[in-house]
Amino acid sequence: MSTVMSSDGKKARAERELDELAEVSTTPQLNTPEQTDSSKETEATKFEGIKLSAPNAIPVIKRGEQSATRSAVQLLRIGEMHRLQGRPREASDAFKRGLTIARAIGDRATVADLLIELADNCRAQSKDEEAEAHFTEARAISRSIGGHRSQGNALFGLGNLQLGRAKYIEAGSSFSEAVAIHKSIGNDLGRANALFGLGDVQGARSKYIEAESSYAEALAICKTIGDDLGRGNALGGLGHVQRARSKYIEAGSSFAESLAIYKSIGNDYGRVNSSLGLSEVRLHQARYAEAKALVDDAAPIAERLQYGWGIHQSKVLLQDILEGERSGIGQSTTPPTDFTTRSGQHPTCPASALPLTVGPFR
């Protein structure tokens, strides 16, 4: 049975949190080893304006709402850096401490931001029920205070959870609302991310024409804002829907362009997916040598990443290529591509390696 903490009790708890922070002369050592492929792309988009190095020391904390707000935001950033470096427990602790402070002083905007980060961290650990609860609360708070960007981010998070559970109608509604919100405030990156999610839902429901339109709109936005990763993602999505519509020439062009982009920016998950997508197209075109070369390129990368879907798909495609060479028929025995597998996101792809709030595959 939950209890409601009195306003004096909340303030006392916040005071204790502030005292604990003040006693810490330095932040936890946040080493910055050589970046993984996924962290490179996440950092390039989500952390615009945030340096990925912890401050040498937490600022001296003085009593007062303004300094408490700064402390809550500082904990949010420390939590983000912990999560980027694969320390979900420490990230969760930082987010929860920040929430205690932000709730105590009534800073609802910061509460919403921290809830979204905590939800993302839960999602990375496959704690979907907790993530959903945090996203839902963040959405409600953001709506009540007119925090459109946070509301759009919370809807995007909910959409991804719903998509992962094959709740396509709910996911489509969440992504569509997120698209509208981000468009209304001129947040092009948020709008593109939500369009990616919407395209995934439409593809999963075999609404290929609508999916192609969503990916094409996202591609146009990413070209305008100079987002190379977004371009690769959108082209990968287009390749999948074009292949599903038997538009093999267009699909081959989309996959080839996305593959070139992923190679140039060092996104190995995207490289595996685009290589295998292009291989499947080449198989249908009876271009077996090219199809096999693409699998040979993707398979060792998937093994190194321990990317389950990529490993499995490589083996299936290789078998189909060998059978095609023997029979002379360019046919794949693999089922139509699952539209949640494009551009680096798939249920078997390590969740900790995936971007979260900023995009479906960032």
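Residues numbered from 1 in each chain as written. Predicted model: local features only at pLDDT ≥ 70, side-chain atom pairs only at ≥ 80, totals over all residues. Heavy atoms only, no water.

### Let's talk about the side chain of R282
- Among the secondary structure elements, R282 is positioned in helix α13 (residues 268-284).
- Within the structure, the side chain of R282 is placed 2.8 Å from the side chain of Q285, a separation counted as a polar contact.
- When residues no more than four places from it in sequence are discounted, the contact partners of R282 are G252, R287, E290, A291 and L294. (Helix = DSSP H or I, 4+ residues; strand = E, 2+ residues; numbered from the N terminus. Polar contact = N/O pair within 3.5 Å; in protein donor to acceptor, adjacent residues only side chain to side chain. Contact = heavy atoms within 4.5 Å.)

### A closer look at helix α11 (residues 228-244)
- The end-to-end C-alpha separation of α11 is 25 Å, in line with the 24 Å expected for 17 residues at 1.5 Å each.
- Within α11, 15 of the 17 residues are buried, which leaves the element mostly enclosed by the surrounding structure.
- One side-chain oxygen of the residue at the start of α11 lies 3.3 Å from the amide nitrogen of L229, identifying that residue as D227.
- In the segment just after α11, S246 is the residue with positive phi, at about 60°. (Expected span 1.5 Å × (residues − 1). Buried < 20%, exposed > 50% of the residue type's maximum accessible area, 1.4 Å probe, protein only.)

### Digging into the nonpolar core
- Ranked by internal contacts, the top residues of the largest apolar core, which has 25 residues, are L99, V111, L114, L115, A131 and F135.
- Beyond its immediate sequence surroundings of up to four residues, L114 is in contact with A72, L76, F95, G98, L99 and A102.
- Grouped together as the second largest cluster of nonpolar side chains are 19 residues, V179, L195, L219 and L238 included. (Core = buried A, V, L, I, M, F, W, Y, C linked by side-chain atoms within 4.5 Å.)

### Topic: the packing of helix α5 (residues 108-124) against helix α6 (residues 128-145)
- It is at 8 Å that the axes of α5 and α6 come closest, and there the two elements cross at 160°. Between α5 and α6, the angle is such that the two are roughly antiparallel. As α5 packs across α6, the resulting crossing turns out to be left-handed. Residues R108, A109, V111, A112, L115, I116, L118, A119, D120, C122 and R123 of α5 lie in contact with α6, whose contacting residues are D128, E130, A131, H134, F135, E137, A138, I141, S142, S144 and I145. (Axes fitted to C-alpha atoms, helices over the stretch in contact; angles between N-to-C directions. Parallel < 35°, antiparallel > 145°, perpendicular 65-115°, else oblique. Left-handed = near helix turned anticlockwise from the far one by under 90°.)

### Quick word on the side chain of S279
- Tracing the backbone through its elements, the reader meets S279 in helix α13.
- By relative accessible area, which is 0% here, S279 ends up buried.
- Once residues within four sequence positions are removed from consideration, S279 is found in contact with A291, L294, V295, L317 and I321.

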